[in-house]
Every structure is written in structure tokens, then in C-alpha cells.
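Examination of the molecular architecture
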Amino acid sequence: MVTDFFTWIKVFLVGFMVIGGFALFNSSNFVPFVPPEFGASGVLRGAVSSFFGYLGFDAVCCVAGEAINAERNLPLSIMITLFFVTTLYISAAIALVAMQDYKDISPESGFPEAFKANGIEWAAQLTAFGEVFTLPVVVLISVMIQPRLQYALANDGLLPPMFGELDSTGNPKKGALFAGVLMTIF
């Protein structure tokens, strides 16, 4: 439930940034479409680095054992999610370049700085706050999948058997406690 809340906030935030970027659309920012200093190899480097934005999908494999009708639902949900994430990712990239020249885009805080450069301070503040506010979803997902990963490793004999034990509700309670304490300390 908490992860759903943060995920929807994040989706609405990206939607806001995309709509804001298209509202500030400046077609001259797309000329040249492929900047000569980057060329085709720069486009490929960008595509490779964008690929790593999808690394979170390995978390799905850790919780796949809890899926109902996993054989059908897991591939279907991954494909639907990939479609929507890719659409949002591409739309956001186009919107960012549409609102600010690629040479001026901040590598640390792209949308907030682009809104600020366009004189819309409230949108800059909102997007900066939203980016920080939604960061906990990454931590929550890490805490959620770690006990399942430990469970799988314990069943393969790579971790002590205590991590392979489930409580009466089918959850790896000892693994959750261990991962929670470890993540809290470090």
C-alpha cells in the first residue's frame, strides 16, 4: 500500500513534468536533432545508460513466488509495466529537451532547473520536492525484496538455513528482521 502511494505520486510527478515540458515547448531546441559533438555513438551511449533505468525490474523476480498464476501474470505485468515506463521515460526526455537546450540541462536536477530557467519557480520547487519525497519508494522496495532474495539463497544452500524459514503467514520473518536491522544501521 505504501509503495503504491509513492509509485502513483511518482507517476503523477512525471506526468506533471511532461505536461509542463510540452507547455514550454521550443522547437528550436531540437535543431540539430542529433548534436554533432555526440553523433551516432552519443545516441548509442545515451541508449545504453538509459537501459540501466530499468534495473529495478530484477526486483520483480525476487517476489515472483508470491504472484497468483505467476506463469501467466508475471510476463504480462512486466510487459505492461515496461510499456508504460518506456512511454513515460521517452515523453519526459522529449519534454525536457523541448523546454531547455540540451547544452543547458542540469545533469543533477534536470526538470527543476529547466522550470527555473523558464521562470516558473513554483514548478521548479514542486518537482524538486517531488523527486526527494518519492525517493523512499526505492528504499521500501529494497527492504521488501531483500528477505525474498535471502530466502532463495538459503534454499540453494548459499545462506544459513534460518533465512529459508517462513512464519505461519508464509513470510520470511527472520530474513525481514535481519535485512531491516542491517538497512537501518547502514
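Each remark here, short or long, concerns the structure printed above.
Analysis parameters
Residues numbered from 1 in each chain as written. Predicted model: local features only at pLDDT ≥ 70, side-chain atom pairs only at ≥ 80, totals over all residues. Heavy atoms only, no water. Helix = DSSP H or I, 4+ residues; strand = E, 2+ residues; numbered from the N terminus. Rg over C-alpha atoms; globule rule 2.2 N^0.38 Å. Contact = heavy atoms within 4.5 Å. Areas by Shrake-Rupley, 256 points an atom, 1.4 Å probe, with all protein chains shown as cover. Lys, Arg positive; Asp, Glu negative; His and termini not counted. Charge placed at Lys NZ, Arg CZ, Asp CG, Glu CD. Axes fitted to C-alpha atoms, helices over the stretch in contact; angles between N-to-C directions. Parallel < 35°, antiparallel > 145°, perpendicular 65-115°, else oblique. Nonpolar A, V, L, I, M, F, W, Y, C, P; charged D, E, K, R; others polar. Phe/Tyr/Trp six-rings, centres within 6.5 Å; stacked < 30°, edge-to-face > 60°. Buried < 20%, exposed > 50% of the residue type's maximum accessible area, 1.4 Å probe, protein only.

Below, the discussion takes up the overall build of the chain. Scanning the chain from N- to C-terminus turns up eight helices and zero strands. Traced from its N-terminal end to its C-terminal end, the chain shows the element sequence α-α-α-α-α-α-α-α. For 186 residues, the compact-globule estimate of 2.2 N^0.38 gives 16 Å, and the chain exceeds it by more than 25% at 21 Å. Structurally, the chain occupies a C-alpha span of about 60 × 35 × 30 Å along its principal axes. Of the contacts formed within the chain by residues at least 6 apart in sequence, a portion of 62% connects residues at least 24 apart. Accessible area for the chain stands at about 12300 Å²; split by element, carbon and sulfur atoms hold 71% of it. Of the side chains in the chain, 8 bear a positive and 14 a negative charge, and the two mean positions are spaced by 4 Å.

Packing of helix α5 (residues 110–117) against helix α6 (residues 121–133) brings their axes to within 7 Å, and their N-to-C directions diverge by 170°. The orientation of α5 relative to α6 falls into the category roughly antiparallel. In contact with Phe-111, Pro-112, Phe-115 and Lys-116 of α5, α6 contributes Glu-121, Ala-123, Ala-124, Thr-127, Ala-128 and Glu-131. When its residues are assigned to classes, the contact of α5 with α6 shows six nonpolar, one polar and three charged.

Let us look at the packing of aromatic side chains. Across all of its chains, the model carries 14 aromatic pairs by this definition. Between Phe-6 and Phe-133, the aromatic rings sit 5.4 Å apart at their centres with planes inclined by 45°, giving tilted as the arrangement. Separated by 127 residues along the polypeptide, Phe-6 in helix α1 (residues 2–23) and Phe-133 in helix α6 bring together distant segments of the chain. For Phe-133, a relative accessible area of 33% gives the class partly exposed. Here Phe-111 and Phe-115 contribute two aromatic rings whose centre-to-centre distance is 6.4 Å and whose plane-to-plane angle is 40°, an arrangement assigned as tilted. With Phe-111 and Phe-115 both in helix α5 and four residues apart, this pair spans about one turn of that helix. Exposure remark for Phe-115: the relative accessible area of 2% places this residue in the buried category. The rings of Phe-5, Phe-6, Phe-129 and Phe-133 are connected pair by pair, giving a single aromatic cluster.

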